[in-house]
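Inside the fold
One letter stands for each residue in the lines below.
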Amino acid sequence: MKKIYNFSAGPAVLPPSVLKRAQTEMLDWHGSGMSVMEMSHRGKEFLSILAKTEADFRTLLNVPNNYKVLFLQGGAIAENVMIPLNLLNGKRADYAITGSWSQRSAKEAKALGNIDVVTNTEPFTHVPDFSNWTLNKDAAYLHICTNETVNGIEFDGLPDAGNVPIVADMSSHILSRPVDVSKYGVIYAGAQKNIGPAGLCLVVVREDLLDQASPLTPGVFHWKEQAENHSMVNTPPTYGIYMAGLVFEWLLEQGGVVAIEQQNIAKAALLYDYIDSTDFYINQVAIKNRSRMNVPFFLKDESFNDAFTAGAEAAGLLQLKGHRSVGGMRASIYNAMPLEGVQALVDYMQAFENSH
Ligand SMILES: *Cc1c(COP(=O)(O)O)cnc(C)c1O
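Definitions and cut-offs
Residues numbered from 1 in each chain as written. Predicted model: local features only at pLDDT ≥ 70, side-chain atom pairs only at ≥ 80, totals over all residues. Heavy atoms only, no water. Buried < 20%, exposed > 50% of the residue type's maximum accessible area, 1.4 Å probe, protein only. Helix = DSSP H or I, 4+ residues; strand = E, 2+ residues; numbered from the N terminus. Pairing = 2+ DSSP bridges. Expected span 1.5 Å × (residues − 1). Bend = angle between axes of the 7 residues up to and from the residue. Axes fitted to C-alpha atoms, helices over the stretch in contact; angles between N-to-C directions. Parallel < 35°, antiparallel > 145°, perpendicular 65-115°, else oblique. Left-handed = near helix turned anticlockwise from the far one by under 90°. Contact = heavy atoms within 4.5 Å. Nonpolar A, V, L, I, M, F, W, Y, C, P; charged D, E, K, R; others polar. Near = heavy atom within 4 Å. Polar contact = N/O pair within 3.5 Å; in protein donor to acceptor, adjacent residues only side chain to side chain. Areas by Shrake-Rupley, 256 points an atom, 1.4 Å probe, with all protein chains shown as cover. Salt bridge = Lys/Arg side-chain N within 4 Å of Asp/Glu carboxyl O. Core = buried A, V, L, I, M, F, W, Y, C linked by side-chain atoms within 4.5 Å.

Now for the pairing of strand S8 (residues 166-169). Residues Ile-166 and Ala-168 of S8 are buried on one face, and the alternating residues Val-167 and Asp-169, pointing to the opposite face, are buried as well. As paired elements, strand S5 (residues 142-145) and S8 share four bridges and run parallel to each other. Looking across to S8, one finds that Ile-144 is bridged to Ala-168.

Right under this line is the structure:
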């Protein structure tokens with residue numbers, strides 16, 4: 001098999017050992033005679049998979065007992081709608097716009113209720129000083145995106161929202177570093193970046209926030225109903241949950257999020273240090289907000305863009321094109337990207353620079 005490194009922003013690289021294990025268990029899971037894909041979601045085999053997956057996730061992020069973990073469908077974009085449905089209930093909510101994804105979240109919420117934009121940093125190169133945010137003390141919640149996948153911007157702290165619950169889209173950096181879950185009201189993350197295949201969205205919600213949904217909220221979108229039914233108001237994405245469980249086991253074997261954070265720091269430093277060492281490549285994000293997961297960069301001479309991506313592809317370095325809304329390049333270096341992959345990218349960038 002050809003050796004490649006996949007820098008896609010999502011769906012994204014998975015650990016090879018996880019894929020191999022899924023392969024060996026594909027036809028016969030633990031002597032059941034069935035593939036996980038074929039199992040009833042209410043059978044004892046799948047219920048044991050779900051329970052272990054949730055328990056390992058709770059261990060990894062040290063999730064307090066007064067939080068529910070929901071395994072839902074629709075990805076993070078569907079949560080953009082579920083959040084106002086479940087939390088707004090006639091009140092107003094605060095939205096911080098620090099990149100493309102939080103901008104999208106605010107737009108979706110606006111259709112369902114009243115929101116206030118507490119900061120808007122378009123064209124998105126930094127997270128502004130929290131003291132400049134115009135927070136409302138009686139907001140139903142404050143929505144943030146703690147890692148902006150398109151723009152490569154990561155929060156380096158949290159605003160002090162007082163008693164207002166913080167709702168955070170962590171899709172593209174969940175499990176890449178430790179998080180104090182108790183500082184949040186809701187954390188949500190689509191799976192296809194750091195968790196597993198697309199189709200699954202994890203929602204971590206503080207129990208006292210389960211009682212304020214709009215009466216119009218449909219059952220599958222209703223966090224409380226989903227919590228009471230162990231995410232089985234509808235058939236959950238069973239195979240995605242199984243794959244997430246394998247990724248969580250892999251993460252625990254790596255030493256959990258504390259150990260993976262050290263690897264992520266080293267990988268990001270390797271790439272950013274190289275970008276900063278030359279003016280051939282440019283990253284425009286404020287240094288303290290540079291994402292460890294998504295590294296956008298531009299070639300100083302953009303007429304070389306096509307040659308850069310074509311050469312990268314020939315060298316087995318895939319999916320380096322930036323998001324269509326911003327152009328340029330982007331290397332996503334999630335948990336499953338090994339240091340050797342980042343080193344191979346830096347070697348290629350250096351060689352390309354020398355020959356252009
Ligand atoms: C990928 C991503 C999304 C969109 O996820 P979908 O699964 O397409 O709904 C939303 N927010 C962030 C931060 C993302 O990285």
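Our next topic: helix H3 (residues 75-87). When the terminal C-alpha atoms of H3 are compared, their 18 Å separation across 13 residues agrees well with the 18 Å that a helix rising 1.5 Å per residue should span. Bending of H3 peaks at approximately 30° at the position of Val-81, with proline Pro-84 no more than four residues after it. With ten of 13 residues buried, H3 is to be regarded as a mostly interior element. All of the buried residues in H3 are Gly-75, Ala-76, Glu-79, Asn-80, Met-82, Ile-83, Pro-84, Leu-85, Asn-86 and Leu-87. Count one or two residues on from H3 and you reach Asn-89, which has phi positive near 45°.

Here we come to the packing of H3 against helix H4 (residues 100-110). Closest axis-to-axis distance for the H3/H4 pair is 9 Å, and the angle between their directions is 45°. When the axis of H3 is compared with that of H4, the two are oblique. Helix-helix and strand crossings are classified by hand; for H3 and H4 the assignment is right-handed. Here Ile-77, Asn-80, Val-81 and Pro-84 of H3 lie close against H4, whose contacting residues are Trp-101, Arg-104, Ser-105, Glu-108 and Ala-109. For the contact of H3 with H4, the class distribution of residues is five nonpolar, two polar and two charged.

This next bit is on the sheet that holds strand S12 (residues 294-299). Strand pairing in a sheet relies on backbone hydrogen bonds, with the paired strands running either antiparallel or parallel. The strand order S11-S12-S14 describes an open sheet built from three strands, whose pairing is antiparallel. The open sheet is flanked by strand S11 (281-282) and strand S14 (329-332), the only strands paired with a single partner. The strands that helix H7 (residues 256-276) touches are S11, S12 and S14; relative to S12, the one it contacts most, it runs at about 20°.

Of all residues adjacent to the ligand, which total 13 residues, the nearest are Ile-77, Thr-149, Asp-169, Gln-192 and Lys-193. The backbone of Ile-77 places a nitrogen or oxygen atom 2.8 Å from an oxygen atom of the ligand. Burial of the ligand by the protein chains amounts to 86% of its free accessible area of 390 Å². With three residues, the single largest contributor to the shell around the ligand is H3. Looking at the shell around the ligand residue by residue, the classes come out as four nonpolar, seven polar and two charged.

The next point concerns the side chain of Asn-194. Positionally, Asn-194 belongs in the loop between strand S9 (186-190) and strand S10 (201-206). On the basis of relative accessible area, Asn-194 is assigned to the buried category, the value being 5%. A polar contact of 3.1 Å, which involves the side chain of Asn-194, links it to the backbone oxygen of Ile-174. A polar atom in the side chain of Asn-194 sits 3.0 Å from the backbone nitrogen of Asn-335. Dropping the residues within four chain positions of it, Asn-194 is found in contact with Ser-171, Ser-172, His-173, Ile-174, Leu-175, Ser-176, Val-247, Met-293, Tyr-334 and Asn-335.

A full pass over the atoms with the stated rule returns 15 salt bridges. With a closest N to O distance of 2.7 Å, Asp-56 and Lys-52 form a salt bridge. Placement of the pair is Asp-56 and Lys-52 together in helix H2 (residues 44-61), with a separation of four residues, close to one helical turn. Between Arg-92 and Asp-116 there is a salt bridge, with the nearest N and O atoms lying 2.9 Å from each other. Highlighted residues: Arg-92 in strand S3 (residues 92-97) and Asp-116 in strand S4 (residues 114-120), separated in sequence by 24 residues. One network of salt bridges, with partners in common, ties together Arg-21, Glu-25, Lys-52, Asp-56 and Glu-249.

By size, the foremost hydrophobic cluster in this structure holds 81 residues, and its most contacted members are Phe-57, Leu-175 and Trp-223. Element by element, the count of residues in this core is highest for helix H6 (residues 238-254), at ten residues. Excluding anything up to four places from it in sequence, Leu-175 contacts Phe-57, Leu-60, Leu-61, Asn-194, Ile-195, Phe-248, Leu-251, Val-257, Ile-260 and Asn-335. Within the second largest apolar cluster, 28 residues are counted, among which are Ala-268, Leu-345, Val-346 and Met-349.

All right, on to the pairing of S14 then. Of the two faces of S14, the one carrying Met-329 and Ala-331 and the one carrying Arg-330 and Ser-332 are both buried. By the bridge criterion, four bridges tie S12 to S14 in an arrangement that is antiparallel. Across the sheet, residue Pro-296 finds its bridge partner in S14, namely Arg-330.

With that settled, consider the environment of Leu-246. Residue placement: Leu-246 occurs in helix H6. A C-alpha to C-alpha distance of 9.7 Å links Leu-246 and Asp-56, two positions 190 residues apart in sequence.

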